[in-house]
There are 2 protein chains.
Amino acid sequence: MQGLMQDWPLTLDKVLDFAALTHPNRAVVSRSPHGEIVRTDYGAVHSQAHRVSRALIESGICLGDRVGTLAWNTAEHLALWYGIYGIGAIVHTLNPRLLPDQIAWIINHAGDRLLFVDAGFLPIVRAIAPKLKTVEAIVVLSAPGDGPWDGVPNAKSLDAFLAGHDAPVKWGSFPESTAAGLCYTSGTTGNPKGVLYSHRSNILHALAANQGDGFGLCARDVVLMIVPMFHANAWALTSVCPMAGASLILPGSKLDGASVFELLETERVTLTAAVPTVWLSLLQYLKETKQRPSTLQRVIIGGSAVPEAILRAFEEDYGVRVIHAWGMTEMSPMGSLCTLGPEEEKLDHDSQIRLKLKQGRAPFLVEMKIVDDAGRELLRDGKAFGRLQVRGPAVTRAYFRGDGARRPDGSALEEDGFFDTGDVATIDPAGYMQITDRAKDVIKSGGEWISSIEIENIAVGAAGVANAAVIGVAHPKWDERPLLIIEPLEPGGVAKETVLRFLEGKIAKWWMPDDVAFVEKIPLGATGKINKLLLRQQFEHYRLPTA
Amino acid sequence: MQGLMQDWPLTLDKVLDFAALTHPNRAVVSRSPHGEIVRTDYGAVHSQAHRVSRALIESGICLGDRVGTLAWNTAEHLALWYGIYGIGAIVHTLNPRLLPDQIAWIINHAGDRLLFVDAGFLPIVRAIAPKLKTVEAIVVLSAPGDGPWDGVPNAKSLDAFLAGHDAPVKWGSFPESTAAGLCYTSGTTGNPKGVLYSHRSNILHALAANQGDGFGLCARDVVLMIVPMFHANAWALTSVCPMAGASLILPGSKLDGASVFELLETERVTLTAAVPTVWLSLLQYLKETKQRPSTLQRVIIGGSAVPEAILRAFEEDYGVRVIHAWGMTEMSPMGSLCTLGPEEEKLDHDSQIRLKLKQGRAPFLVEMKIVDDAGRELLRDGKAFGRLQVRGPAVTRAYFRGDGARRPDGSALEEDGFFDTGDVATIDPAGYMQITDRAKDVIKSGGEWISSIEIENIAVGAAGVANAAVIGVAHPKWDERPLLIIEPLEPGGVAKETVLRFLEGKIAKWWMPDDVAFVEKIPLGATGKINKLLLRQQFEHYRLPTA
């Protein structure tokens, strides 16, 4: 028997409609890419989004067409998103930090028909313009004039694009399963893959993110959204803020400590969200200038694990609550949030800090489990570690155009419907998950797993060690055994035996590296993480003394 | 183009699965109908709910079957709900405060196959047993023994019903549009009508209710759920608490001030929810015993408008924040919540109090508008008042078995898909809605509306007046004109002219009553509201001097 409640599709146009009706005057403040502060509100963003929709329709953009954006966080960019959503076209956010060739590959793969580009990113477009196969026109945002822009074909300014398109558009009227957004994974191995969000998944994800133990935003909050809009829905804040009637502050391209602090103070920000590197800059700036945030209450940190120094600085020095979050593009992106339950709140301060360094608990609408190589679920005892797999209405089922398919129907999922995150984690009895490794970095010795990261974290504490990496090297009996690679502070400054003796007793006997190798410099990737792919290539033919 | 996110139906079994996995040891505490405190947790409620599902299946209960409950708020009752939900049967909550004949009528109309009944309500069942046409068996909750119970056919205790049914059941596996709950409106005019909630509508409603500006519950909250489970999903708390991992305290049948206060203190409650009458008892008890709640932070008040004295007592005397809520069975039930935005927080205290007496703002997922008799939308200026109409995924589309249909397809909606609440309201520019009247009580004079309640509220302030009511009486020229009916403090103690002079200048000239009638006693309904139906019957043939 079917329930008799109303058919009311969960489509994103309703989010901005709601904000414009209930919170029309709530501030939306941007720092434009030129630096000046531009003030608007949800009512005006809503009108602007309607003009975008009208102009898109007049340009021939239809339901399901992809529209690319290469832009910083600004109110203009927000209006573009909702203008695209409203007519059932797809917001395809492009990450300007990728290599131009990658950006060109992604645009062609997505089949973007239009591109909206911040004037500051025109050099990228100029470089790739000859390679673009599907782009019919380029609209320049934050343009200092009306062009022309040499080397950028079919370009016009946003003002010119919108001119005369003032008649409102009927938004919605498509099913909630309709695609809303497209975001490519970074593709560290192989080509980037497209994650295709739906209207339904984005709205459910935002509702889940704004529960009491999540962001918990209300109309009295002021949110500085530093996480870029080209990172997986800007962590849901582009939906949650209008849904909650929270004021939205958009920092444009200026993410240095001084600029961030200025916005925190002048706009009286209560919550902000970004990756750890942004907070390093801010905390350094606060220390140097002996200032402290006066209105900030909560900071969401995700993208990579929260370093203890950042956690302690916010909580101990400035009384700001840190919410450690974990997720991935394929999860819309939120997977877990580290907030404390009543039992954890009774722990002493240092135990609370240790707990907050974990990635946290899955909220309702995210299912999480850890499994061994055979897919058997492991204990939630905080010790067993295994592949982290997830399920939920805002988790990817398949990639765009069937890339990365694991089954004939294009599905990228395990047989039981879970998505394998590629991470290795523990889950404790209270549900707190902690990432311990990437699955591809785990060392598989005689059918058992050894965590490379755990050994590395201990080894860097040995005297004379600047950095340490552990990789698995082929072994005839055990399949793989750990090799510890050391970057010494000074060449020849550390002996193999010293390091091994330092590890003894701190890790299980069978985890002890079979050998230690020394390198001048351990290679790091673009985000500062150890480039293990390169290390594995360098040591591909390394012969362990035990082999 | 369709999004590529996972198909993960929003079904209620997942709510308790989540609580049992992530918050297994979080307390669920009941005061049993016998008075003693029974402690359990979400893990145990989950196991119990599985036993209920197994026993229901063995009894032949299938997807879509209605199962009635006539019970107070207890953990047993909660486990029943989830056991019924889990197999796609329908929880039909029965209000024991209705007349036995009404209850029998509702059970027959719903076609309940099983009834779960608190032992204390067996007299009701005994009285109606001969009239029940579809009930095959009765399961007695909180039974002091194993029966037999004279005059209650096919009865067994819950223990006997569950005995031997320990094998877990596979929950879910039906679409989210499946019916989950059935609740009848009180039917003050005509027969009660059944509202049929779906799994989807209940989950969306709970997610909306627990946003930052809603209940905002987290795992550190302890909730005393006083609002009965037989009132429209207990205001979503039966879903929100397990979803948030909040502790749930269930008061059974003891709703007097002393019992409520005891639970508030012993269980360290942070949020509670009930109708104003419950709060009157509690506040009187606190005053008499000179005690004050020590952990309570927020109280949700709904069911009828919050009296100013209750609001001020909680906020001014005890520092407890009041959230005035409005809704109806047909809305699952939440329609609006009165929380303050940043502009309202800057108002002086008395202005804030006046604002909090309004019913508040529609959260995301509830659309609201006011219209005139021709269905034209009225201004949101805080002055224009019109019929309040609503729309959303947790708002009724049609009643059970097509009752109350307004269109051939059984729909109970207006042509544009809105549901007419039967209330008359204003909405101010910031979105705050205030109920000013019931639509049937509004006086329609020459095509314009006169609010009966507004005149009454002023008239009771006149010297010598104990109570006042205003109804519309037929008029040859104006259709209807207002008649003011006065219950004087002392017979003959007030003159017609005195009252009219008192009203002059306080209301619009054309709102002035055409006549004043005196009665010994103004009739009140069961909930203390003026029984206007009866007054209209009494004055049906009243001839106004102006007619």
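For the structure, see preceding data.
This structure is a prediction, so every number in the text was calculated from the model and none was measured. (Residues numbered from 1 in each chain as written. Chains lettered and ligands numbered in written order. Predicted model: local features only at pLDDT ≥ 70, side-chain atom pairs only at ≥ 80, totals over all residues. Heavy atoms only, no water.)

Undergrad: Lay out the overall build of chain A in plain terms, naming residues and giving numbers.
TA: In terms of helices and strands, chain A carries 16 helices and 24 strands. Its C-alpha radius of gyration of 25 Å places chain A within 12% of the 24 Å reference for a compact globule of 547 residues. Its C-alpha atoms give chain A principal-axis dimensions of about 75 × 60 × 50 Å. Taking all 547 residues of chain A together, the buried fraction comes to 61%. Once local pairs closer than 6 in sequence are excluded, the contacts in chain A between residues at least 24 apart make up 66%. In chain A, which carries 54 positive and 62 negative side-chain charges, the distance between the mean positions of the two groups comes to 1 Å. (Helix = DSSP H or I, 4+ residues; strand = E, 2+ residues; numbered from the N terminus. Rg over C-alpha atoms; globule rule 2.2 N^0.38 Å. Buried < 20%, exposed > 50% of the residue type's maximum accessible area, 1.4 Å probe, protein only. Contact = heavy atoms within 4.5 Å. Lys, Arg positive; Asp, Glu negative; His and termini not counted. Charge placed at Lys NZ, Arg CZ, Asp CG, Glu CD.)

Undergrad: So what's going on with the sheet that holds strand β3 (residues 66–70) of chain A? Which residues, and what values?
TA: Residues and elements named next belong to chain A. Read from one edge to the other, the open sheet built from seven strands follows the order β7-β6-β5-β3-β4-β8-β9, with strand pairing classed as mixed. Whereas interior strands pair on both sides, the edge strands pair on one side only; in this sheet they are β7 (155–157) and β9 (194–198). Each strand axis lies, on average, 25° off the axis of its neighbour in the sheet, ignoring direction. The pairing of strand β6 (residues 137–141) with β7 spans three bridges and is classified as parallel. Residue pairing for β7: V139 is matched across the bridge by K156. Running over the sheet, helix α3 (residues 75–86) touches β3, β4 (90–93), β5 (114–118), β6 and β8 (179–184) and is turned about 140° from β4. (Pairing = 2+ DSSP bridges. Axes fitted to C-alpha atoms, helices over the stretch in contact; angles between N-to-C directions.)

Undergrad: Describe the pairing of strand β18 (residues 419–427) of chain A, and please don't skip the residues or the numbers.
TA: All names here are of chain A. Counting buried positions along β18 gives nine out of nine residues, so the element sits mostly inside the fold. The pairing of strand β17 (residues 386–391) with β18 spans four bridges and is classified as antiparallel. Note that in β18 the partner of R387 across the bridge is V424. The loop that links β18 with its antiparallel partner strand β19 (residues 433–438) comprises five residues; one of these, G431, has a positive phi angle of about 95°.

Undergrad: Tell me about the relation of the copies chain A and chain B, and name the residues and values.
TA: With an RMSD of 0.2 Å, the operation that places chain A on chain B is a rotation of 180° combined with a shift of 0.0 Å along the axis. Seen this way, the second copy is the image of the first under a two-fold rotation axis. Measuring from the rotation axis to each C-alpha of chain A, the shortest distance belongs to A:Q211, at 2.5 Å. Here 100% of the contact residues of chain A are again contact residues in chain B; the copies associate through an equivalent surface. (Least-squares fit on C-alpha atoms with pLDDT ≥ 70 in both.)

Undergrad: An account of the interface of chain A and chain B is needed here, citing residue identities and associated values.
TA: As a measure of interface size, the accessible area lost when the parts come together is often cited. Taken residue by residue, the interface counts 73 residues in chain A and 73 residues in chain B. Counting each side, the surface lost to burial between chain A and chain B is near 6,000 Å², with a carbon and sulfur contribution of 56%. For B:R220, the salt bridge goes to A:E345, with nearest N and O atoms at 3.8 Å. Every element with two or more residues in the side of chain A that touches chain B is listed here: α1 (13–22), β9, α7 (199–209), α8 (237–244), α12 (342–345) and β17 of chain A. (Buried area = accessible area lost by both parts, 1.4 Å probe. Salt bridge = Lys/Arg side-chain N within 4 Å of Asp/Glu carboxyl O.)

Undergrad: So, helix α11 (residues 308–317) of chain A: which residues are in play, and what are the values?
TA: All names here are of chain A. When α11 is considered as a whole, its buried residues turn out to be I310, L311, A313, F314 and E315. Where α11 is buried, its residues meet α10 (276–289), β13 (298–301), β14 (321–327) and α13 (349–356). Within two residues after α11, G319 carries a phi angle of roughly 65°, on the positive side.

Undergrad: Any details on the sheet that holds strand β16 (residues 367–371) of chain A? Residues and values, ideally.
TA: Residue and element names in this part refer to chain A. Ordered by their spatial adjacency, four strands build an open sheet running β16-β17-β18-β19, and the pairing between neighbours is antiparallel. If you trace the sheet from one side to the other, it starts and ends with β16 and β19, each paired once. Averaged over all pairs of adjacent strands, the angle between their axes in this sheet comes to 50°, without regard to strand direction. Bridge count between β16 and β17: five bridges; the pairing is antiparallel. Looking across to β17, one finds that I370 is bridged to L388.

Undergrad: Can you tell me about the packing of helix α10 (residues 276–289) of chain B against helix α11 (residues 308–317) of chain B, naming the residues and giving the values?
TA: Packed helices, taken two at a time, are described by the angle between their axes plus the distance between the axes. Residues and elements named next belong to chain B. Running from N to C, α10 and α11 point in directions that differ by 55°, and their axes come no closer than 10 Å. One way to sum up the angle between α10 and α11 is to call them oblique. Crossing angle aside, the handedness with which α10 passes α11 is left-handed. Here α10 contributes P276, W279, L280, L282 and L283 to the contact with α11, which in turn contributes I310, A313 and F314. Of the residues assigned to the contact of α10 with α11, the class counts are eight nonpolar, no polar and no charged. (Parallel < 35°, antiparallel > 145°, perpendicular 65-115°, else oblique. Left-handed = near helix turned anticlockwise from the far one by under 90°. Nonpolar A, V, L, I, M, F, W, Y, C, P; charged D, E, K, R; others polar.)

Undergrad: Pulling in residues and values, what's your account of helix α1 (residues 13–22) of chain B?
TA: All names here are of chain B. Where burial is concerned, most of α1 is hidden: eight out of the 10 residues are buried. Residues D13, K14, V15, L16, F18, A19, A20 and T22 constitute the buried set of α1. On the buried face of α1, the contacting elements are α2 (42–58), α3 (75–86), α7 (199–209) and α8 (237–244).

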